[in-house]
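In case you want the letters, here they are:
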Amino acid sequence: MEFTAKQIADFLKGDIEGNPDVKVNNVTKIEEGKSETISFLANPKYAKYIYNTKSSIVLVNKDFQAEKNINATLIRVDNAYQSFASLLDLYVQQIEVKKGIEKFSFIDETAKSGKDIYVGAFAYIGKNVKLGDNVKIYPHTYIGDNVVIGNNTTIYSGVNIYRDCKIGAHCTIHSGAIIGADGFGFAPKAHDDYKKIQQIGNVIIEDSVEIGSNTTIDRATMGSTIIKHGVKLDNLIQIGHNVIIGQHTVMAAQTGISGSTKIGKDCMIGGQVGMAGHLTIGNEVKIGAQTGIGSSIKDGEILLGSPAINIRDYQRSYIFFKRLPQMNNKINELEKEIAELKEKITPA
Amino acid sequence: MEFTAKQIADFLKGDIEGNPDVKVNNVTKIEEGKSETISFLANPKYAKYIYNTKSSIVLVNKDFQAEKNINATLIRVDNAYQSFASLLDLYVQQIEVKKGIEKFSFIDETAKSGKDIYVGAFAYIGKNVKLGDNVKIYPHTYIGDNVVIGNNTTIYSGVNIYRDCKIGAHCTIHSGAIIGADGFGFAPKAHDDYKKIQQIGNVIIEDSVEIGSNTTIDRATMGSTIIKHGVKLDNLIQIGHNVIIGQHTVMAAQTGISGSTKIGKDCMIGGQVGMAGHLTIGNEVKIGAQTGIGSSIKDGEILLGSPAINIRDYQRSYIFFKRLPQMNNKINELEKEIAELKEKITPA
Amino acid sequence: MEFTAKQIADFLKGDIEGNPDVKVNNVTKIEEGKSETISFLANPKYAKYIYNTKSSIVLVNKDFQAEKNINATLIRVDNAYQSFASLLDLYVQQIEVKKGIEKFSFIDETAKSGKDIYVGAFAYIGKNVKLGDNVKIYPHTYIGDNVVIGNNTTIYSGVNIYRDCKIGAHCTIHSGAIIGADGFGFAPKAHDDYKKIQQIGNVIIEDSVEIGSNTTIDRATMGSTIIKHGVKLDNLIQIGHNVIIGQHTVMAAQTGISGSTKIGKDCMIGGQVGMAGHLTIGNEVKIGAQTGIGSSIKDGEILLGSPAINIRDYQRSYIFFKRLPQMNNKINELEKEIAELKEKITPA
């Protein structure tokens, strides 16, 4: 693909400064710019790179003021970062054109699908599955019986979705994610043995959710594990049975949520965080990496540590944790001094 | 499926109070009860829900005493929770009826199998594999050469079992689990390079083991990594080479056990726990979430922290960790007061 | 397979003491030796086992001096451990003889490959893929469009490699690893919603890299995520977008590296470590298990704790963390004593 500055400016409704006919065929960061590529400048910290970048075109904000001569052709737009993101969308749409049914795919005769779907080789579509319009199922993905998948959802290769789960529209699920495996439910029996409690619920994933590689979301014991609208989960995350994650909450890699915990909306949860089961986490909660959450959390709290406390308290305490040997020395010195004082005061 | 209260009472050997002809077609929690479903009441904390539940039938313990009028039909049994679990077993058996060999499956001609097996599409059964009676191999599962799988074991879609491993009877292995990949063994070479040490052992999984989604169990360098009878492993767990896990030990998600560590029986290990290699962990040990185990542990210990200490000691220390800034202030005050005292005692 | 002591000694250029015709058909640890197997003795701590081992042959260092009678035939070599590792290599080469194209594999007509490759059943080779000589692609592995794989690389079953990634020569990638899924990139939008930032870069894996089961390595937003020569990654590791890992760095299981962090060469990183994004980690850095890295690290540092500090400082502080209740008691006692002293000095 190749575009001129004019074509891009027309698409973005931007204004050109420089050569409208210069062509680009790829995108780069401004600090790593190359000829025939387009970059963007949004963060003023990176402004210094624009004077030397080798990018042929740079997207800038309308109010950007150059302090020196610039070789690149500029395209001025309202929001350079958002415009650049739109260009990336366009770019990806043009290289990702998977369509049709590849050979060696298994589609049960009772399955139904909308228009313009892609089903890759070795994909498995079970009984009574419903695929919406423009759904893409990459190779080696397993869609269990009765699963429903909404319009415009992409499921990459090697995903496993157990029976009865529901996936919304505009979702992206990455390779190796497991949706709807059994929750970890066992009841103690005699002789220290355990009896498996059958997990007969499902997983419901609402619209515009993205799920990272090798993330696991267990089905509910009864009822549903629910991932609400706009949630973004990174890789290798564990979501236990009957968990509910509120809308637009984001979660970094390797975090684990134990069974039946409910998380509010608009939370930001760092990597390698662990949460115990049966908790209620409020809205707009922020949790630092590696934090351990053992009790319910109110709206808007910002937490760190294992077990978690307020982030500033943790940081303050940690400063003194590092000084503990010196604190201990001081206590020992004070003890000695007190003993000396005592001796002086209490004559033998 | 639909059952009457009478049919269920007969199956469970329970006594009916109410309409024996009322029908149910699903199960629910008592607090989320719906018409035409059956619930159970075992934990007295939930007793308040029985008077308003919309469930058509509720299983209760024989000694349950109602304090108010109840609309639902009751079935009295010795142990309502266990009876409910039996009903779930029955329910699952009826919806999971996978049998036979689906098209596009690959079964090496030297493989042998018992009766009533299921081999899904795109399943791969290698050379000299032996599958017991009633084994279910879901789609996209890879069974390497010489693997043996016992009777009544279910392996869900997308599992990978490397050559020479042995899986017992009545096991359940969830999607994405990797059994028998190489242990992490490298010997330093000149020039900071590493030489791979071939991992020629295997993994032995005994009977009645459940393994969660995307859990990885490495093969032994030599000999066997062994998961003993009745062990339950949650999702995304890492088991290193030559580890042995004792019978009926349970382990929550995202825990990692380094190579050659031996864990006793009846242990309960929380999520995101890490253990160093070459340790010996006793029987009936309990380990809290996110704990780091760096040395061997005696029978019956209960541990928390990184590095781990006795759970009560950790909790007590953590109380003072949170108060460290105040402790430090107090030390500084005491220092000041001692200086003042000194001045008073030692005249200038 | 079966070999005589003489055949093995010839292969290893070693000297035989004992019966040159004794035969072995397997390898064992010296402490678990069995008849017709070969063991080795390198670590003096294990010397006591050589006098009673049932192994038929033991490899020993040239300078080993027996203190008692030994039943086994000895083969003396310069370095018993390295010689044993060579024997394991030989052993594995003989049992792993996968070659050719199995039925039900999908190879796009535009893909190109070198000689002596193995493509297992249900493997998927996308458009314009290039496979080097002696490459082995096990069943259920997905190789996306335009991927290049170097000579002598083995990719086990169920691996997913997204389009445009490059894998070097002599690499080993274990089952369930995901190479090149989207990095976790979202820009805040109005109404607390997020806009996905397309990830259009790739992953470059250089030569002699080993990647463990279910490890995930995300593609770069733009440019490349790079795993350099000789890096060894254990299982269930998360590598974020645009991360660079320097040559010969090794990383234990369940560690996570956030986006854009650069790690130097020859580092040793323990299990369950977490690193924030956009950091620079020096060369020859050592990081203990479960450590949390929140800032850049200089060459050669050895770190522990969350947040990380020098390992000795952490260990020293942790000693006093465990004694915090006693430290607090002492402070309270000192306070009391000072109050008493004050009373004595300052008469009422």
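The model shown is predicted, which means the values in this text are computed figures rather than measured ones.

### Some remarks on the overall build of chain A
Alright, step 1. From N to C terminus, chain A includes four helices and 40 strands.
Alright, step 2. With the C-alpha coordinates aligned to their principal axes, the bounding extent of chain A is approximately 100 × 70 × 30 Å.
Alright, step 3. Relative to its full complement of 348 residues, chain A shows a buried share of 59%.
Alright, step 4. By element, 47% of the accessible surface of chain A is carried by carbon and sulfur atoms, the whole surface being about 14400 Å².
Alright, step 5. Of the charged side chains in chain A, 39 are positive and 38 negative; the average position of the first set lies 1 Å away from that of the second.

### Examining the packing of helix H3 (residues 311-322) of chain A against helix H3 (residues 311-322) of chain C
Alright, step 1. It is the contact of H3 of chain A with H3 of chain C, at a shortest axis distance of 8 Å, that shows an interaxial angle of 105°. By the angle between their axes, H3 of chain A is roughly perpendicular relative to H3 of chain C. For the pair H3 of chain A and H3 of chain C, contact is made by Tyr318, Phe321 and Lys322 of chain A and by Tyr314, Ser317, Tyr318 and Phe321 of chain C, respectively.
Alright, step 2. For the contact of H3 of chain A with H3 of chain C, a count of residues per class yields five nonpolar, one polar and one charged.

### Some details on the relation of the copies chain C and chain B
Alright, step 1. For the pair chain C and chain B, the superposition axis carries a translation of 0.0 Å, the fit reaches an RMSD of 0.1 Å, and the rotation angle comes to 120°. Put plainly, the chains are arranged around a three-fold axis.

### Here's the deal with the domain arrangement of chain A
The accessible area lost on association of the parts is a frequent measure of interface size.
Alright, step 1. Domain annotation for chain A reports domain 1 (3-95), domain 2 (159-307) and domain 3 (319-348).
Alright, step 2. In this structure, domain 1 of chain A and domain 3 of chain A have C-alpha centres spaced 66 Å apart.

### Looking at the interface of chain C and chain A
Alright, step 1. On the chain A side, the residues contacting the 68 residues of chain C number 63 residues.
Alright, step 2. Between chain C and chain A lies a buried interface of about 5500 Å² when both sides are counted; carbon and sulfur atoms form 64% of it.
Alright, step 3. Among the residues chain C hides against chain A, the three largest losses belong to Phe184, Tyr194 and Met222 of chain C. Together they make up 12% of the total.
Alright, step 4. At the junction of chain C and chain A, the tally comes to five salt bridges.
Alright, step 5. The closest approach of N and O atoms between Asp145 of chain C and Lys98 of chain A, which form a salt bridge, is 2.9 Å.
Alright, step 6. Remark: the boundary between chain C and chain A carries 31 residue pairs in polar contact (both at pLDDT 80 or more).
Alright, step 7. At ten residues, the largest contribution of residues to the side of chain C that touches chain A is made by helix H4 (residues 324-345) of chain C.
Alright, step 8. Considered class by class, the residues forming the side of chain C that touches chain A number 32 nonpolar, 23 polar and 13 charged.

### Some points on the environment of Lys232 of chain B
Alright, step 1. With respect to the helices and strands, Lys232 of chain B occurs in strand S28 (residues 232-233).
Alright, step 2. Looking at Lys232 of chain B, the relative accessible area reads 6%, which means it is buried.
Alright, step 3. Between the alpha carbons of Lys232 of chain B and Ile75 of chain B there is a distance of 32 Å; along the sequence they are 157 residues apart.
Alright, step 4. With residues near it in sequence (within four places) discarded, Lys232 of chain B still touches Phe184, Phe186 and Tyr194 of chain A together with Ser208, Glu210, Thr249, Val250 and Met251 of chain B.

### A word on the environment of Ile281 of chain C
Residues and elements named next belong to chain C.
Alright, step 1. For Ile281, the position within the fold is in strand S36 (residues 280-281).
Alright, step 2. As for Ile281 and Lys265, which are separated by 16 residues in sequence, their C-alpha atoms are 9.2 Å apart.
Alright, step 3. Setting aside its immediate chain neighbours within four residues, Ile281 contacts Thr261, Lys262, Ile263, Gly264, Met275, Ile293, Ser295 and Ile297.

### Focus: the interface of chain C and chain B
Alright, step 1. Tallying the contact residues gives 63 residues for chain C and 68 residues for chain B.
Alright, step 2. For the pair chain C and chain B, the summed buried surface comes to about 5500 Å²; carbon and sulfur atoms form 64% of the total.
Alright, step 3. At the junction of chain C with chain B, the criterion picks out five salt bridges.
Alright, step 4. Residue Lys330 of chain B pairs with Glu335 of chain C through a salt bridge whose shortest N-O separation is 3.2 Å.
Alright, step 5. In this structure, the connection of chain C to chain B is made through 31 residue pairs in polar contact (both at pLDDT 80 or more).
Alright, step 6. If you list the elements that add at least two residues to the side of chain C that touches chain B, you get strand S4 (26-27), helix H2 (80-95), strand S28 (232-233), strand S31 (250-251), H3 and H4 of chain C.
Alright, step 7. At twelve residues, H4 of chain C tops the list of elements feeding residues into the side of chain C that touches chain B.
Alright, step 8. Along the lines of polarity and charge, the residues of the side of chain C that touches chain B split into 32 nonpolar, 18 polar and 13 charged.

### Comments concerning the side chain of Arg76 of chain B
Residues and elements named next belong to chain B.
Alright, step 1. For Arg76, the location among the structural elements is in strand S7 (residues 73-77).
Alright, step 2. A relative accessible area of 14% means that Arg76 is categorised as buried.
Alright, step 3. Within the structure, Arg76 has its side chain in polar contact with the side chain of Glu17 (distance 2.3 Å).
Alright, step 4. Among the polar contacts listed, one links the side chain of Arg76 to the backbone oxygen of Lys62, at a separation of 3.1 Å.
Alright, step 5. In this structure, Arg76 is in contact with Gly14, Asp15, Glu17, Val60, Asn61, Lys62, Asp63 and Phe64, ignoring residues within four places of it in sequence.

### Details of the sheet that holds strand S29 (residues 238-239) of chain C
Residue and element names in this part refer to chain C.
Alright, step 1. Judged by pairing direction, the sheet is parallel, and its ten strands sit side by side in the order S9-S12-S15-S18-S21-S26-S29-S32-S35-S38 without closing on themselves. At either end of the open sheet lies a strand with only one pairing partner, and these are strand S9 (106-107) and strand S38 (292-293).
Alright, step 2. Here two bridges tie strand S18 (residues 160-161) to strand S21 (residues 178-181), and the two strands are oriented parallel to one another. By the bridge assignment, Asn160 is partnered in S21 with Ile178.

### Notes on the sheet that holds strand S2 (residues 15-17) of chain A
All names here are of chain A.
Alright, step 1. Taken together, five strands build an open sheet; the order of strands is S2-S7-S6-S5-S4 and the sheet is mixed. Since the sheet does not close on itself, it has two edges, and those belong to S2 and strand S4 (26-27), each with one partner.
Alright, step 2. Sheet analysis places strand S5 (residues 37-41) next to strand S6 (residues 57-61), joined by four bridges and oriented parallel. Within the sheet, the bridge partner assigned to Phe40 lies in S6 and is Leu59.
Alright, step 3. Contacting S2, S5, S6 and strand S7 (73-77), helix H1 (residues 5-12) runs over the sheet at an angle of about 5° to S7.
Alright, step 4. Along the sheet, helix H2 (residues 80-95) contacts S4, S5, S6 and S7; its crossing angle with S5, the most-contacted strand, is approximately 150°.

### Let's talk about the pairing of strand S27 (residues 224-227) of chain C
Residues and elements named next belong to chain C.
Alright, step 1. Two strands pair when backbone bridges link them, and strand S24 (residues 202-205) and S27 are joined in this way by four bridges, in the parallel orientation. Residue pairing in the sheet places Asn202 in a bridge with Ser224 of S27.
Alright, step 2. Where S27 lies against strand S30 (residues 244-245), two bridges are found, and the strand directions are parallel. Bridge pairing in S30 places Ile227 opposite Ile245.

### Overview of the packing of aromatic side chains
Alright, step 1. Taken as a whole and judged by the stated rule, the model has 50 aromatic pairs over all chains.
Alright, step 2. Taking the centre distance of 5.8 Å and the plane angle of 80° together, the rings of Phe122 of chain A and Phe122 of chain C count as edge-to-face. Note that Phe122 of chain A is positioned in the loop between strand S11 (118-119) and strand S12 (124-125) and Phe122 of chain C in the loop between strand S11 (118-119) and strand S12 (124-125), a pairing that runs across two chains.
Alright, step 3. Take Phe122 of chain C: its relative accessible area is 0%, and that puts it in the buried class.
Alright, step 4. An aromatic cluster is present here, built from Tyr314, Tyr318 and Phe321 of chain A, Tyr314, Tyr318 and Phe321 of chain B together with Tyr314, Tyr318 and Phe321 of chain C joined pairwise through their rings.

### Describing the pattern of salt bridges
When the charged atoms of two side chains lie near each other, side chains of opposite charge can form a pair.
Alright, step 1. Scanning the model with the defined rule gives 36 salt bridges over all chains in all.
Alright, step 2. Among the charged side chains, a salt-bridge network with shared partners connects Arg163, Asp164 and Arg219 of chain A.

### A short note on H3 of chain A
Residues and elements named next belong to chain A.
Alright, step 1. Taking 1.5 Å of rise per residue, twelve residues should cover 16 Å, and H3 covers 17 Å from first to last C-alpha, within 8% of that figure.
Alright, step 2. Of all the residues in H3, the buried ones are Tyr314, Ser317, Tyr318, Phe320 and Phe321. The buried residues of H3 all sit within an arc of 160° when viewed along its axis, so they share a single face.
Alright, step 3. The N-capping residue of H3, defined by a side-chain oxygen 2.8 Å from the backbone nitrogen of Arg312, is Asn310.

### Description of unusual backbone geometry
Alright, step 1. Of note, the bond from Ser306 of chain B into Pro307 of chain B is cis; its omega dihedral lies within 30 degrees of zero at 0°.
Alright, step 2. One can find Pro307 of chain B in the loop between strand S39 (302-304) and strand S40 (309-310).
Alright, step 3. With phi around 70°, Gln254 of chain B is a residue other than glycine that occupies positive phi space.
Alright, step 4. Structurally, Gln254 of chain B can be placed in the loop between strand S31 (250-251) and strand S32 (256-257).
Alright, step 5. Note on Gln254 of chain B: relative accessible area 8%, which makes it buried.
Alright, step 6. Not every positive phi belongs to a glycine, and Leu236 of chain C is a case in point at roughly 55°.
Alright, step 7. Within the element layout of this structure, Leu236 of chain C appears in the loop between S28 and S29.

Parameters and conventions
- Residues numbered from 1 in each chain as written.
- Chains lettered and ligands numbered in written order.
- Predicted model: local features only at pLDDT ≥ 70, side-chain atom pairs only at ≥ 80, totals over all residues.
- Heavy atoms only, no water.
- Helix = DSSP H or I, 4+ residues; strand = E, 2+ residues; numbered from the N terminus.
- Buried < 20%, exposed > 50% of the residue type's maximum accessible area, 1.4 Å probe, protein only.
- Areas by Shrake-Rupley, 256 points an atom, 1.4 Å probe, with all protein chains shown as cover.
- Lys, Arg positive; Asp, Glu negative; His and termini not counted.
- Charge placed at Lys NZ, Arg CZ, Asp CG, Glu CD.
- Axes fitted to C-alpha atoms, helices over the stretch in contact; angles between N-to-C directions.
- Parallel < 35°, antiparallel > 145°, perpendicular 65-115°, else oblique.
- Contact = heavy atoms within 4.5 Å.
- Nonpolar A, V, L, I, M, F, W, Y, C, P; charged D, E, K, R; others polar.
- Least-squares fit on C-alpha atoms with pLDDT ≥ 70 in both.
- Domains from an automatic or database assignment.
- Buried area = accessible area lost by both parts, 1.4 Å probe.
- Salt bridge = Lys/Arg side-chain N within 4 Å of Asp/Glu carboxyl O.
- Polar contact = N/O pair within 3.5 Å; in protein donor to acceptor, adjacent residues only side chain to side chain.
- Pairing = 2+ DSSP bridges.
- Phe/Tyr/Trp six-rings, centres within 6.5 Å; stacked < 30°, edge-to-face > 60°.
- Expected span 1.5 Å × (residues − 1).
- Arc of directions from axis to C-beta.

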